[in-house]
Structures are given as C-alpha cells and as structure tokens.
Amino acid sequence: MESNMNQAPQTAQPAPGQGWLERLFALKSHGTNARTELIAGVTTFLTMVYIVFVNPQILSNAGMDTQAVFVTTCLIAGIGSILMGLLANLPIALAPAMGLNAFFAFVVVAGMGYSWQVGMGTIFWGALGLLILTLLRVRYWLIANIPLTLRVGITAGIGLLIALLGLHNAGIVVASPATMVTVGNLTSLPCLLGLLGFFLICIFSARGVHSAVLIAIVVTTALGWLFGDVTFKGFVSLPPSIAPVFGQLDLMGSLDIGLAGIIFSFMLVNLFDSSGTLIGVTTRAKLADEQGRFPRMKQALVVDSVSSVGGAFMGTSSVTAYIESSSGVAVGGRTGLTAIVVGVLFLLAIFFSPVAAMVPAYAAAGALIYVGVLMCSELTRVKWEDLTEAVPAFMTAVMMPFSFSITEGIAVGFISYCVMKAGTGRWREINPCVLVVALLFVLKFVWVDSH
C-alpha cells in the first residue's frame, strides 16, 4: 500500500521566483490563477453553506444548544477546509456530514435513549478509529476489499433514512398505530413549505444552479416569516458561546459494549463517504489517476480524519469531505486556495448566527429529502441480474430506514453477502475483510443484542 501511495501523481512544483501564492499552491502549473480560485471557493461555499443551518436543526433534536452548534459547525468547517488547502493543496472543503448527524440525533440519542454527551463520545471514538486506520494504512485496505455492492447499499440506505427524516420533519409522513407510518396533513403550512423547498432544490439543481439548497432554505424561511410562523431575529451579532457543547462529550460512558456497533458504524460510514468524495472530486478536477490515486493522498486522508476527531470534541457530528466541492472544481478550482477561501467564508459566517436561528425544521427538510435522492442514485451500480450481489445491496439499503438504524443495515448487508456467496458455491468471493466484519456482527447479535 505504501508503494501504491508513492506512485500517485506528483503535485506540480512552482517555478522559482514566483509570488507567495504561486509558491504555496503552484497555480500556473495547475492551469489556474488567484481570481479563478477565489470564484471557485465562493461557489463551493454557496453550495454547502446550508449545513450551518441544517446541522444545528438536526442536533437540536438531541438536546444540544442550537446556537452553540451553529458556531462549532462554522468553526470545524472553516478549520478543516483551511487545513485541507494548506496541507494537501486540494480544492476540497470539509464540514459535518449529512446523514451521520441525523443518525446521531434521531437514532443514538432519541431512539436508543443515550445522552447527547455519550452519543458524541461514540462519534469521537469512531473518528479516532478512522484516524488510526489511516495512519496504519489499513484504511486503504478496507476501501479496496469491501465489495462495491455493500458500499452502494450503505450509501443508498443512509439516503433512504435521511429522506425519511426529512419527510417526517416536514410533516409529510407521520406515525400511525394502524399502518406504522402514514401521510400527514398535506395542507398544513410546514408540509406545504417543506414540499416547496424540496421541489425548488430539485428544479434549480436540474437547471444547473449551484446554490439550489441555499436558495430553497432562504425562500421557505422567508415564506414562513410572511405567514407569521418565523420570527425575525436580525442578521449580525457577536458569536454565541460554545461552552454548552465544547468538550462536553462523555468519553468513558461511550465505551459501553452496547455502543460498539454504533462506534463501528460511525467509523465505517465516514470511511467510505469521505474517501469516495475525495476520489470523486479529484477525478473531476483531473488530479487523480485511473486507480483513483491523487497527489498528497495521505495528507488529505489524515486531515479529514483529524477534523472528525476535532469536530466531535468541539460538539458537532463527524466531519467529511463534501461532494459539493465539485461545484467549485466545475468553475475552475484546482488547488488548495479554493478550500482556503471556503474555510475563511465559514469562519466569517460565525457572525450571522441570528439568521441560522430563524430557519425552521421544515425549511431544512427539503435538503434532507434531496440528499436522499442523490445517495439512492448509487443503486444503479448494483448488478441486479446477479442475486448474490442484488440481495446484499437491497437488504443493506432497506434495513436502515425500516429498522431506523445504520448499524443494523450494515450488519445485515455483510451477513447476507456471506450467506448468498457461500450458499451458491461462490465462497471464494468472500474476502477476509468481509468475513471478519460479518462474524463480528453475528457475535454482536448473539452476545450483545440478545441481553
């Protein structure tokens, strides 16, 4: 694995005697300039700034202070993006992960009954595990050995779970004792505005508008204010205190054996989400080779792992590379200067906390449903004609929303993969990585969940 990393494309070196930006980022050799990188950074920021509104809304369901989470979200996104730009010289921005924040708030805290401090501890240990795997080069081995069908199933399953949460937050889907779930009051204001926000995002995205999510959140919030459902709280203020969430995680309480599967889930999902995004964006920027290797790959993976550990300590969900970074790449961003511009804008956003406090849950619901759509599109990569591939992908995807648990979906997926391959005589296709993970989940079901 070390040799593979060393074979990655080399970062272009700037010519001597150039300005400090050129020396630091090698702009000319990457076919870009400072103006283009600035525009790319602003573009990326506008496509992903919705996270500073959505993340506090989601984590507030776990009992966390909304204003404090707003600040920590901006801080970790800013710091992580700047580090990515400086250390890896890649046009990739970082921020708290959509999906994992919902898993933390609605499943670990609200569903399983743990305190948010304990839940944040599981995020910390999962992120620390990811960092250790990165430093030991095991991360590359895992990425290479977990079958595509399981990776696709995990991504799609998280998407379905996120979409379910978005539908619930908008009141489109509600609980029912007769049918488990049913359609809510479609004429209510939250439902109508939630649906409007969703379709605005989809329509603008289909028309190539990069800031579609942000526009939809602004429009639905403004309409909520016009209808008297949202209170105007101003635009600018000094940053709220982060004391209610900063360093409040319960590290020892989160080491409970019953949370081992949760910690593993955070680590595994973040591993594939962030790694896949890094490869996807660098490929789009023509920085990666045919095997997906890109310049300063090791530095990039370390930065996103360290950012996740720091994010948990600061009081926010796992940090990951954002696929929205491809919007900046699309307008010419090629170096770390793009990521640094994004980071600086996130840090400046800290002073606009009153705006974030105005955003109602239904304004962010459309973004959750839209993320679900994007993540489920991965299912097209499954070989549906091969049941040994289709069954594990299907079981992984549907078990997440139906069991309301990412962990259970991953567990059932790994186990069903081994069962289908072994049962059809194709046991040689079960690599040691998948077998070990499946056996660990079987032990979890037998000795942990049954007690």
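Conventions used here
Residues numbered from 1 in each chain as written. Predicted model: local features only at pLDDT ≥ 70, side-chain atom pairs only at ≥ 80, totals over all residues. Heavy atoms only, no water. Helix = DSSP H or I, 4+ residues; strand = E, 2+ residues; numbered from the N terminus. Buried < 20%, exposed > 50% of the residue type's maximum accessible area, 1.4 Å probe, protein only. Contact = heavy atoms within 4.5 Å. 1 Å grid on protein atoms, 1.4 Å probe; cavity = no way out; pocket = protein on both sides within 12 Å on 5 of 7 lines; lining within 4 Å. Points joined across faces, edges and corners; volume = space filled by probe spheres on them. Nonpolar A, V, L, I, M, F, W, Y, C, P; charged D, E, K, R; others polar. Phe/Tyr/Trp six-rings, centres within 6.5 Å; stacked < 30°, edge-to-face > 60°. Pairing = 2+ DSSP bridges.

J.: Honestly, the environment of L21 in this entry has me stumped. Any pointers?
T.: Residue position: L21 is located in helix 2 (residues 20-25). Residue class for L21 comes out partly exposed when judged on its relative accessible area of 23%. With sequence-adjacent residues up to four places away left out, L21 is seen in contact with A26, L27, A34 and L337.

J.: Even after reading the chapter, I still don't get unusual backbone geometry, so can you show me in this structure?
T.: Positive phi, close to 50°, is recorded for N89, a residue that is not glycine. Within the secondary structure, N89 sits in the loop between helix 5 (66-88) and strand 1 (94-96). Look at N89 and you get buried, because its relative accessible area is 5%. Located in the positive-phi region is M180, a residue other than glycine, with phi close to 70°. Residue position: M180 is located in strand 3 (residues 180-183).

J.: Is there a simple way to explain the layout of surface pockets in this structure?
T.: The rolling of a water-molecule-sized probe over the atoms marks out the regions of remaining empty space. Of the voids in this model, the second largest pocket is the one considered here, and its volume is about 340 Å³. In this structure, the second largest pocket is lined by 14 residues; those nearest its centre are L164, V173, V181, P401 and F404. A class-by-class count of the residues in the lining of the second largest pocket yields 12 nonpolar, 2 polar and no charged.

J.: Would you mind going over the packing of aromatic side chains with me for this structure?
T.: Describing an aromatic ring pair means giving the distance of the ring centres and the angle of the ring planes. What the rule picks out here adds up to 8 aromatic pairs. Ring centres of F246 and F313 lie 5.3 Å apart, and the angle between their planes is 85°; on these two criteria the pair is classed as edge-to-face. In this pair, F246 sits in the loop between helix 11 (212-226) and helix 12 (260-284) while F313 sits in helix 13 (residues 297-314), placing the two residues 67 residues apart along the sequence. With a relative accessible area of 37%, F246 lands in the partly exposed category. For F313, a relative accessible area of 37% translates into the label partly exposed.

J.: I'm lost on the pairing of strand 2 (residues 173-176) in this one. Help?
T.: Successive residues of a regular strand alternate their side chains across the two faces of the sheet. In this sheet, strand 3 lies alongside strand 2 in antiparallel orientation, the contact comprising 4 bridges. Residue pairing across strands places S176 opposite M180, the latter belonging to strand 3.

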